[in-house]
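Chain by chain, the residues run as shown.
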Amino acid sequence: MIPYTVNIKLAARTLTGTLNLQNKPAVDWGWQGLIAQGCHSSILIIDPKTTQTIQVLERHKATVVKVKWSRENYHHSLSSPYSLRLASGDASGKIIVWDVVSGTAHCEIQEHSKPIQDLEWLWNQDASRDLLLAVHPPNYIVLWNGDTGTKLWKKSYAENILSFSFDPFDPSNMALLTSEGIVFINDFTPAKPPGSTGKKVYIASPHASPAHNKPAPAPTAPAPTGAKKALNKVKVLITNEKPTAEAVTLNDCLQLSYLPSKRNHMLLLYPREILILDLELSQTVGVVAIERSGVPFTQVIPCAQRDALYCLHENGCITLRVCRSTTAPDEQSSQELVYDLRSQCDAIRVTKTVRPYRMVICPVSENSAGLTVSDGRVMLWELKAHTGRLPTNPGSSLSPLYSPVSFCGAPLANNQKRIQELSLNTMISQTLIAGEAPPPSSSQQEVQLKFLLTGLLSGLPLPPFAIRMCPPLTTKNINHYQPLLAVGTSNGSVLVYNLTSGLLHKELSVHSCEVRGIEWVSLTSFLSFATSTPNNMGMVRNELQHVDLPTGRCFAFRGERGTDEPAIEMIKVSHLKQYLVVVFRDKPLELWDIRTGTLLREMAKNFPTVTALEWSPSHNLKSLKKKQMAAREAMARQTVSDAEPSTVESSVISMMQDAESKSETSQAISAREHFVFTDTDGQVYHITVEGNAVKDGARIPPDGSMGSIACIAWKGDTLVLGDVDGNLNFWDLKARLSRGIPTHRGWVKKIRFAPGKGNQKLLVMYTDGVEVWDTKEVQMVSSMRIGRNVNYRVLDIDWCTSDKVVLASDDGCIRVLEMAMKSASYRMDEQDLTDPVWCPYLLLPRASFTLKAFLLLQPWSGTFTMDISQVDYNEKDEIKGLIQEQLNSLAACWSEARGGWFCVFDPRRSTSVLRLFGDESDLQFWSVASHYLQSFAQARLLSVPTAEALQHDVGQPGCHGYLDICHDTLCESGYFQKFQLDRVHLQEVKRSSYEHTKKCADQLLLLGQTDRAVQLLLETSADNSSYYCDSLKACLVTTITSSGPSQSTIKLVATNMIANGKLAEGVQLLCLIDKAADACRYLQTYGEWNRAAWLAKVRLNPAESSDVLKRWAEHLCSPQVNQKSKAMLVLLSLGCFHKVGEMLHSMRYFDRAALFIEACLKCGVMELIGAAFVDYARLLRSLGLREGAALWASRAGGPGEQLMEELFQGEGGTPEGLTPANQETGPGVSGEEGDEDRKFAIVEE
């Protein structure tokens, strides 16, 4: 017999539908590459690459209002592995932290009983990754330990807090959006609650505040109308007084967010415009406004990799706006920041029930967007780059976008036609800065951006539902069985789901009104009925349709009948699928033959009213079959009488099997079947049907203890009746006993027996929930009740396998549950998915690190392979299989990788692998490292002193371009300086009060722009109290000479000022006499580390600047600050590669250390640190990658010799006890030692 396998193991799962309005903000796209979305009280985990729901988390009792993935901003190792951790908050104030893979809760947190307003994981510290900040209404922020659920501190504020945003450049700064305005906090620390109440800020137009004496410049944005007129002047933040009634306050502000692409900028979102604020100036420097006929905004997400904004509009359209370069010839871009519309996707059809809810952006690549819609759909859009120029519109002021000059620090080849679409910064180059030459057209291509719909996940329609599972699995249908669930909906369509994968198998538009019930007549066809709303006479239109699944053909089963008659109450199909009973509300029942589609009997007018009906499982098919089989057998024996005995035997058996399979559907046999029904008095009738003969059988008088019978179920020798008062009556037909059980649960709506021979479990549905009973023991097995353990009402029930039930509920979900009817969360790694999902987080820690090492570098094999079995890897086959599954899911997108690229270490591949793993901390490290390795290697080739290499003239960028400005003080000094000058120029254009002018003058003095600063100082009006001081200051600036006495006087005054608390003024004076290095030292002494780094970048020569930044790096490494990863980035920007290598090794980041040292050796900018290679080799050996371990040990020189001996001692045997005490014992190795040695001799050469 041919072996076959059928997967009929169904996982518990939830099919979800439309969302609740409170679910609107509950969606998040994590660094892990997955989307989490709240749907009523459940949370869906969606894989955006294959558009599949891969987990549903159920534990919340109230609606989920917020979800947040934890950040991956730490170094991953066996002790701190990759983990899928999610925090969710609900409308009752409960926060749950989940382990998503297992579907279990780490901890549950409850502070107040009002909906959680905002949630965020802290990401900045190297030490702790478990801290979760939450806003508990009305006005509390609480810091929790997300691992244990412990409260660390709590702080209250004067106003209701709506949301908050952290400054991505300085984690001690955060802003709260309150009902009245904005509160800025600058002393946030995990150790203790903020000491101050923060700085309260209101937003207003300049004329509304009496403090302003300079008229506002003319509006630059198209003027909106009505209430927005006050907004179209330049907006400012005022702190001293609450704005007057006519000024615009923050009431209609939808969102506040820091810009992650440049420091000290924030955006405020209004329905018709986005304001970009410069926080140093407290004033808008850019406005994105919508014309009168445009569609209002609902949400905006600022990007980190480029100065760009993803905007969601009320019609579901997503637009991408990119900041215009300040070199553009038009005047507007030098007057303010302009965000040009570069791409937009199609809108959706908005109705009363269908509205766009939220947009999320992939944080790793920033080139994919997901849109959640109120009807449960999730639309996935991807940004694609096309080269080539669009036909230019003479009226358009759009400057062209270009592809980047480099990828990961390495210049792109001129002939490289395809733009890397890995992420936003590999698709479009940086925004140009004033004074910079436009890119040479030879190496760069013009880029057009387009949105492409790459995935659509749709949910169930609105309830109510009628559900029915297809006939159960038997030994006869095991070859072609599919576990299909038919779902009838309120709009007349029938959805068929495959419960193995949980995906929609077919959607069929069958009826014109609500589907009331479904009955399967075979594995591939079913009958469904629908009834229209009654007319004045109480008559309806009945639709009874027969649907064939493979072809989708459906026809009216009752022909022309069905208009203007009483409504169908139920349809019941006999066990052998021969007959159908149709029961009406006020009309006698009809009996049909399903096989021929003919009406066998329409009962007489005086026929009793049916309240419940069920077919008997007993029939005479077996005796009929025996007769027919005997006849067929005789024929078969005659036909093959002269053949060999063995052949006779097999052919007879095959004919018998053939006969058996045909007998069920053969027209020749009409088996006798029975059904029972009850009337309004509770009397039970028994009817026999054979062919087209219908006989009335015995009648059993009503049971006095039962009310009106509502439903009947019959299996084997057990018959169960349920009534409207909640009584269940169990009849044992063999023993002729009956037993009544009052459940006190009210009306028994439905009862169903579980499939499977001898399985006597019974599922009972009440108005307030469901119970499972064991009819053998006559006792309840499990129970579910609304309000007690669930918050939804059950609408329909069925069994989907012998031990799992399926429930449809009024929250729009259909749940497949274990018999115990507990939560539907399941282990993600145990379920059967249609498409393989790339998610290394599902693997065991050891396996995920093996996979990462395998993808990062395969120098041992000469060619690159995606087959783990080709590598000497000693591990259990089960784990190998799981790793291979992950590699297979990846193979498609990596098919273009060339072998040579993988046999040497290349930062480009490293960043590609880290993007796949969503490894935030590694990705940040390698973006900076690969850039500076390239610049220092290039400077070395040109034999330029390295310090000058970073200072090179910003007008002629190297072929590797600059580090993006989102890295702030890590950028090259020249580029950073240009950016700051550009910014001050913009602030100067925008200033609208004396305070603004003063701030601009101060900045210009620090930047060394003395002439322009003097002009601003002289603008002070005579009636201003600072008029005299400013005039004297202007004189001082213009007359400063470099003579000794004046310098020493100024230095003395400056130091006195600093000592007496006037730090900013003292620093300014020191900068005037070119003592910026001293100024930086004072700033560092007084704890102004960021300000000192800024000043060093814009004013000092490379050597002095390097000293200041090295001191900053030391400070970051100190235990109280504990930001070593940030310190390493600072050292990378200074070219201190050896120090970084040592730090990585001392912090036990062995994998990163070895690969970094390898990259440095390749660029020739550093000596070997052998110990790091040896430790990485030990790590690889502990994972089981013996070849890799041997390679790294051989590269380590002297320190690696001992490890090489350990790896290869013994003749082809398994080395025992080779690992050092601090490592786990490495797995054994097999194979001939001579071959291995030969292989590594080649590698070493």
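Predicted model, so just to flag it, every value in this text is computed and none were measured. (Residues numbered from 1 in each chain as written. Predicted model: local features only at pLDDT ≥ 70, side-chain atom pairs only at ≥ 80, totals over all residues. Heavy atoms only, no water.)

Visitor: How should the overall build of the protein chain be read in this particular structure?
Guide: Summing up its helical and strand segments, the protein chain has 26 helices and 60 strands in all. Going through the 1245 residues of the protein chain one by one, you find that 56% of them count as buried. In the protein chain, the share of contacts with a sequence separation of at least 24, taken over all contacts with a separation of at least 6, comes to 55%. Carbon and sulfur atoms make up 51% of the accessible area of the protein chain, which totals about 52,500 Å². (Helix = DSSP H or I, 4+ residues; strand = E, 2+ residues; numbered from the N terminus. Buried < 20%, exposed > 50% of the residue type's maximum accessible area, 1.4 Å probe, protein only. Contact = heavy atoms within 4.5 Å. Areas by Shrake-Rupley, 256 points an atom, 1.4 Å probe, with all protein chains shown as cover.)

Visitor: When you look at the packing of helix α11 (residues 973-990) against helix α18 (residues 1089-1099) in this model, what are you seeing that I'm missing?
Guide: Relative orientation and spacing of two packed helices are given, respectively, by the angle between their axes and the distance between those axes. Relative to each other, α11 and α18 sit at 100°, their axes nearing to 8 Å. One way to sum up the angle between α11 and α18 is to call them roughly perpendicular. Of α18, the residues touching α11 (which contributes S973, F976, Q977 and Q980) are W1094, K1097 and V1098. (Axes fitted to C-alpha atoms, helices over the stretch in contact; angles between N-to-C directions. Parallel < 35°, antiparallel > 145°, perpendicular 65-115°, else oblique.)

Visitor: Looking at this model, I keep getting lost on the sheet that holds strand β58 (residues 794-801). Mind explaining?
Guide: Note on sheets: strands pair through backbone hydrogen bonds, and any given pair is parallel or antiparallel. Pairing is antiparallel in the open sheet, where four strands are placed in the order β1-β60-β59-β58. Lying at the two open borders of the sheet, with one neighbouring strand each, are β1 (13-15) and β58. Averaged over all pairs of adjacent strands, the angle between their axes in this sheet comes to 20°, without regard to strand direction. Bridging between strand β59 (residues 804-809) and strand β60 (residues 814-818) involves five bridges; their strand directions are antiparallel. (Pairing = 2+ DSSP bridges.)

Visitor: It is not clear to me how unusual backbone geometry should be interpreted in this structure. Could you clarify?
Guide: Excluding glycine, residues mostly have negative phi values, and the peptide bonds linking residues are mostly trans. The residue after P137, namely P138, is reached through a cis peptide bond having omega 0°. One can find P138 in the loop between β11 (131-136) and β12 (140-145). The phi torsion at H40 lies on the positive side, around 55°, for a residue other than glycine. Under the relative-accessibility criterion, H40 is labelled buried at 15%. Residue D1074 is not a glycine yet carries a positive backbone phi of 55°.

Visitor: In this structure, what is going on with the pattern of salt bridges? I would like to understand it.
Guide: Pairing between side chains of opposite charge can happen when their charged atoms approach one another. The final tally for this structure, using the stated rule, is 50 salt bridges. The salt bridge partner of E569 is R585, with a shortest N-O separation of 3.2 Å. Here R585 lies in the loop between β43 (579-584) and β44 (590-593) and E569 lies in strand β42 (residues 568-573), a separation of 16 residues in the sequence. A salt bridge links D1078 to K1051, with the shortest nitrogen-to-oxygen separation between them at 3.2 Å. You can see D1078 sitting in helix α17 (residues 1076-1085) and its partner K1051 sitting in helix α15 (residues 1044-1059), a full 27 residues away along the chain. (Salt bridge = Lys/Arg side-chain N within 4 Å of Asp/Glu carboxyl O.)

Visitor: In this structure, what is going on with the confidence of the model for the protein chain? I would like to understand it.
Guide: The predicted model of the protein chain has a mean per-residue pLDDT of 81, with 82% of residues at 70 or higher. Taken together, the stretch residues 207-233 has pLDDT below 50 and engages in 42 contacts with residues farther than four places along the chain or on a different chain. Counted against residues more than four places away or in other chains, residues 1210-1245, with its pLDDT under 50, gives 49 contacts. (pLDDT = per-residue confidence, 0-100.)

Visitor: It is not clear to me how the pairing of strand β36 (residues 493-498) should be interpreted in this structure. Could you clarify?
Guide: Across the six residues of β36, six count as buried, placing the element largely inside the fold. Judged by which residues are buried, β36 turns out to be covered on both faces: S493, L495 and Y497 on one side and V494, V496 and N498 on the other are all buried. Strand direction decides the pairing type here: strand β35 (residues 484-488) and β36, joined by five bridges, are antiparallel. Bridge pairing in β36 places L485 opposite Y497. From the end of β35 to the start of β36, which pair antiparallel, there are four residues, and G492 there has a positive phi angle of about 95°. Judged from the six bridges that link them, β36 and strand β37 (residues 503-509) form a sheet pairing that is antiparallel. Bridging across to β37, V494 finds its partner in L508. Between the antiparallel neighbours β36 and β37 lie four residues, among them G502 with a positive phi of about 80°.

Visitor: Just to check I follow, could you spell out the packing of aromatic side chains for this structure?
Guide: Two numbers describe a pair of aromatic rings. These are the distance of the centres and the angle of the planes. As enumerated under the stated definition, the model contains 26 aromatic pairs in all. Where F925 meets F1156, the ring centres are 5.5 Å apart and the plane angle is 70°; that geometry is what we call edge-to-face. Of this pair, F925 sits in helix α9 (residues 920-941) while F1156 sits in helix α22 (residues 1150-1163), and the two are 231 residues apart along the sequence. Residue F925 is classed as buried on the basis of its relative accessible area of 1%. Judged by its relative accessible area of 0%, F1156 falls in the buried class. Aromatic ring contacts, followed pair by pair, group Y579, F607, W615, F675, F677 and Y685 into a single cluster. R815 extends its terminal NZ or CZ atom over the ring of Y792, reaching a point 3.9 Å from the ring centre. (Phe/Tyr/Trp six-rings, centres within 6.5 Å; stacked < 30°, edge-to-face > 60°. Lys NZ or Arg CZ within 6 Å of the ring centre and 35° of its normal.)

Visitor: Quick question: what am I supposed to make of the nonpolar core here?
Guide: A general trend in soluble globular proteins is that nonpolar side chains are found buried together. In this structure, I45, L84, L86, F1156 and W1192 are the most contacted members of the largest nonpolar core, which totals 117 residues. Contacts of F1156, omitting those with residues within four sequence positions, involve F925, W926, A929, L933, L1132, F1137, V1140, G1141 and L1144. Of all hydrophobic cores here, the second largest spans 42 residues; its members include F976, A1001, L1005 and I1050. (Core = buried A, V, L, I, M, F, W, Y, C linked by side-chain atoms within 4.5 Å.)

Visitor: Any chance you could explain the side chain of H1145 here in plain terms?
Guide: Along the chain, the position of H1145 falls in helix α21 (residues 1137-1146). Looking at H1145, the relative accessible area reads 18%, which means it is buried. One polar contact links H1145 to D1175, side chain to side chain, over a distance of 2.5 Å. Once you skip the residues sitting within four places of it in the chain, H1145 turns out to touch F1150, A1153, A1171, A1172 and D1175. (Polar contact = N/O pair within 3.5 Å; in protein donor to acceptor, adjacent residues only side chain to side chain.)

Visitor: Looking at this structure, how should I read helix α16 (residues 1063-1072)?
Guide: Because each turn of an α-helix spans 3.6 residues, side chains separated by three or four positions in sequence point in the same direction. Among the 10 residues that make up α16, eight are buried, leaving the element largely enclosed by the rest of the structure. Of all the positions in α16, only L1063, G1066, V1067, Q1068, L1069, L1070, C1071 and L1072 are classed as buried.

Visitor: Sorry if this is basic, but what is going on with the environment of Y994 here?
Guide: By the secondary structure assignment, Y994 is in helix α12 (residues 994-1006). Of the residues examined, Y994 reaches a relative accessible area of 16% and is grouped as buried. The spacing of Y994 and N1024 is 30 residues in sequence and 8.9 Å in space, taken between C-alpha atoms. Only 3.5 Å separates the side chain of Y994 from the side chain of S1026, close enough to count as a polar contact.

Visitor: Can you walk me through the packing of α22 against helix α23 (residues 1170-1183) in this structure?
Guide: Taken N-terminus to C-terminus, the directions of α22 and α23 make an angle of 135°; their axes are 8 Å apart at the nearest point. Taken as axis vectors, α22 and α23 run oblique relative to one another. Crossing hand, α22 versus α23: left-handed. Between α22 and α23, the contacting residues are F1150, D1151, A1153, A1154, I1157, E1158 and L1161 on the first element and A1172, F1173, D1175, Y1176 and L1179 on the second. Of the residues that constitute the contact of α22 with α23, the class distribution is nine nonpolar, no polar and three charged. (Left-handed = near helix turned anticlockwise from the far one by under 90°. Nonpolar A, V, L, I, M, F, W, Y, C, P; charged D, E, K, R; others polar.)

Visitor: Where do I start with the sheet that holds strand β2 (residues 27-29) in this structure?
Guide: Across the sheet, four strands lie side by side as β2-β3-β4-β5; this open sheet has antiparallel pairing. Looking at the sheet topology across the chains shown, the edges are occupied by β2 and β5 (52-58). Averaged over all pairs of adjacent strands, the angle between their axes in this sheet comes to 20°, without regard to strand direction. Strand direction decides the pairing type here: strand β4 (residues 42-47) and β5, joined by six bridges, are antiparallel. Bridge pairing in β5 places I43 opposite L57.

Visitor: I keep staring at the environment of S1105 and nothing clicks. Help me out?
Guide: Counting through the fold element by element, S1105 comes out in helix α19 (residues 1102-1117). Look at S1105 and you get buried, because its relative accessible area is 4%. Sequence spacing of S1105 and A1092 is 13 residues, and the spatial spacing of their C-alpha atoms is 9.7 Å. With near-sequence residues (within four places) excluded, S1105 lies in contact with A1096 and L1100.

Visitor: I tried to follow the pairing of strand β3 (residues 35-39) on my own but got confused; where do I start?
Guide: Moving residue by residue along a regular strand, the side chains alternate between the two faces of the sheet. Here β3 lies mainly inside the structure; five of its five residues are buried. By the alternation rule, side chains of β3 split into I35, Q37 and C39 and A36 and G38, which are all buried. Pairing of β2 with β3, which is carried by three bridges, proceeds in the antiparallel orientation. Bridge assignment links D28 to a residue of β3, and that residue is A36. Linking two consecutive strands that pair antiparallel, namely β2 and β3, is a turn of five residues; a positive phi of about 90° is found at G33 within it. The pairing of β3 with β4 spans five bridges and is classified as antiparallel. Within β4, the position partnered with Q37 by the bridge is L44. In this structure, the hairpin formed by β3 and β4 is closed by a connection of two residues, where H40 is found at a positive phi of approximately 55°.

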